[in-house]
Amino acid sequence: MSMDFTDQRLSYEKGSLDQQSVPASPFELLKTWMNEAIEQQVQEPYAMSLATCGADNKPSVRIVLMREITENGVVFYTNYESAKGQDIAENPNAEVLFFWHELERQIRIGGSIAKIDANKSAAYFQKRPHDSQVGAWVSQPQSGEVANREVMEQAFEALQNDYPENSQVPTPEFWGGYEITIHEIEFWQGRASRMHDRIVYTRDGNEANKKDASWSTKRLLP
Ligand SMILES: Cc1cc2nc3c(=O)[nH]c(=O)nc-3n(C[C@H](O)[C@H](O)[C@H](O)COP(=O)(O)O)c2cc1C
């Protein structure tokens, strides 16, 4: 039996976006929209879909948590030996996507990914709750097959014995942050009659990694 959603439709009427009044830097708009999502109590507004594609040319997408907006882009943390880590090693181009239904907004970021400094990763790892730190050690290699849940739980318990609460869990070498340097970012605001507003910023020239990058904007058809 198929499931039919063709009668389901919403009219989006919560906001608008104008090319003339957007700020020169997309980082300003990204932070403004993020603050508005927090104010509107969007659950985990920093959860983003990350799409990668390795040498096999098969795209994969999954949620990761954005942990920082830097001067260049956005940072998330993961296992470097996971499926996504392998994709990124083969092809640094990626996209991330935020969708906040409460605000009828979507943000789409295209850019290139690189590992962040190991000291910064370690500093964040050491800030995480003890059990999450242990969990990171258990999930190695992340996305590898495991026979059953019991195997995971036994590994978790064994590590809890090695590193009791209040002891320092070492930062795994296979775990850390990635920064996506933003090359292009699209802000999408839903409008009535499918006449949505889409403004895209593109980084000018070859200025990746420069804080003082300038940006061009354009409006896209919805
Ligand atoms: C709400 C949510 C937040 C998540 N945050 C992260 C994260 O920050 N880092 C991470 O590695 N996986 C995170 N995951 C799990 C990933 O979606 C994914 O299952 C895992 O990273 C393995 O992906 P891979 O096989 O593509 O490497 C999160 C999942 C959800 C649903």
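For the structure, check the block above.
All of these numbers come straight from a predicted model, not from anything done at the bench. (Residues numbered from 1 in each chain as written. Predicted model: local features only at pLDDT ≥ 70, side-chain atom pairs only at ≥ 80, totals over all residues. Heavy atoms only, no water.)

Observations concerning the side chain of histidine 130
Thinking step 1. Residue placement: histidine 130 occurs in helix α4 (residues 130-138).
Thinking step 2. Within polar-contact distance, the side chain of histidine 130 engages the backbone oxygen of tyrosine 163 at 2.9 Å.
Thinking step 3. Once residues lying within four places of it in the same chain are set aside, the contact partners of histidine 130 are Gln160, Tyr163, Pro164, Glu165, Asn166, Ser167 and Val169. (Helix = DSSP H or I, 4+ residues; strand = E, 2+ residues; numbered from the N terminus. Polar contact = N/O pair within 3.5 Å; in protein donor to acceptor, adjacent residues only side chain to side chain. Contact = heavy atoms within 4.5 Å.)

Focus on the site of the ligand
Thinking step 1. Within the structure, the ligand sits among Glu44, Arg62, Ile63, Val64, Leu65, Tyr77, Thr78, Ser82, Ala83, Lys84, Gln142 and Ser143.
Thinking step 2. In the model, an oxygen atom of the ligand is placed 3.3 Å from a nitrogen or oxygen of the alanine 83 main chain.
Thinking step 3. Between lysine 84 and the ligand, the recorded distance is 2.6 Å, taken from a side-chain N or O atom to an oxygen atom.
Thinking step 4. Alone, the ligand offers 620 Å² of accessible surface; in the complex the protein occludes 62% of this.
Thinking step 5. Only β2 (59-69), β3 (73-79) and α2 (83-90) provide two or more residues apiece to the shell around the ligand.
Thinking step 6. Among the elements that take part in the shell around the ligand, β2 stands out by supplying 4 residues, more than any other.
Thinking step 7. Considering only residue class, the shell around the ligand consists of 5 nonpolar, 4 polar and 3 charged. (Near = heavy atom within 4 Å. Areas by Shrake-Rupley, 256 points an atom, 1.4 Å probe, with all protein chains shown as cover. Nonpolar A, V, L, I, M, F, W, Y, C, P; charged D, E, K, R; others polar.)

What about the packing of helix α3 (residues 118-127) against α4?
Thinking step 1. In contact at an axis separation of 8 Å, α3 and α4 are set at 120° when each is read in the N-to-C sense. As summarised for this structure, α3 and α4 are arranged oblique, according to the angle between their axes. Only Gln133, Ala136 and Trp137 of α4 make contact with α3, whose side of the interface consists of Phe125, Gln126 and Lys127.
Thinking step 2. Of the residues in the contact of α3 with α4, the class split is 3 nonpolar, 2 polar and 1 charged. (Axes fitted to C-alpha atoms, helices over the stretch in contact; angles between N-to-C directions. Parallel < 35°, antiparallel > 145°, perpendicular 65-115°, else oblique.)

A short note on the pattern of salt bridges
Thinking step 1. Following the criterion strictly, the structure yields 7 salt bridges and no others.
Thinking step 2. With a shortest N-O distance of 2.7 Å, arginine 198 and glutamate 186 are connected by a salt bridge. With arginine 198 in strand β7 (residues 197-203) and glutamate 186 in strand β6 (residues 175-189), this residue pair connects regions lying 12 residues apart in the sequence. (Salt bridge = Lys/Arg side-chain N within 4 Å of Asp/Glu carboxyl O.)

It is worth stressing that arrangement in space is one thing and function is another; only the former is reported here.
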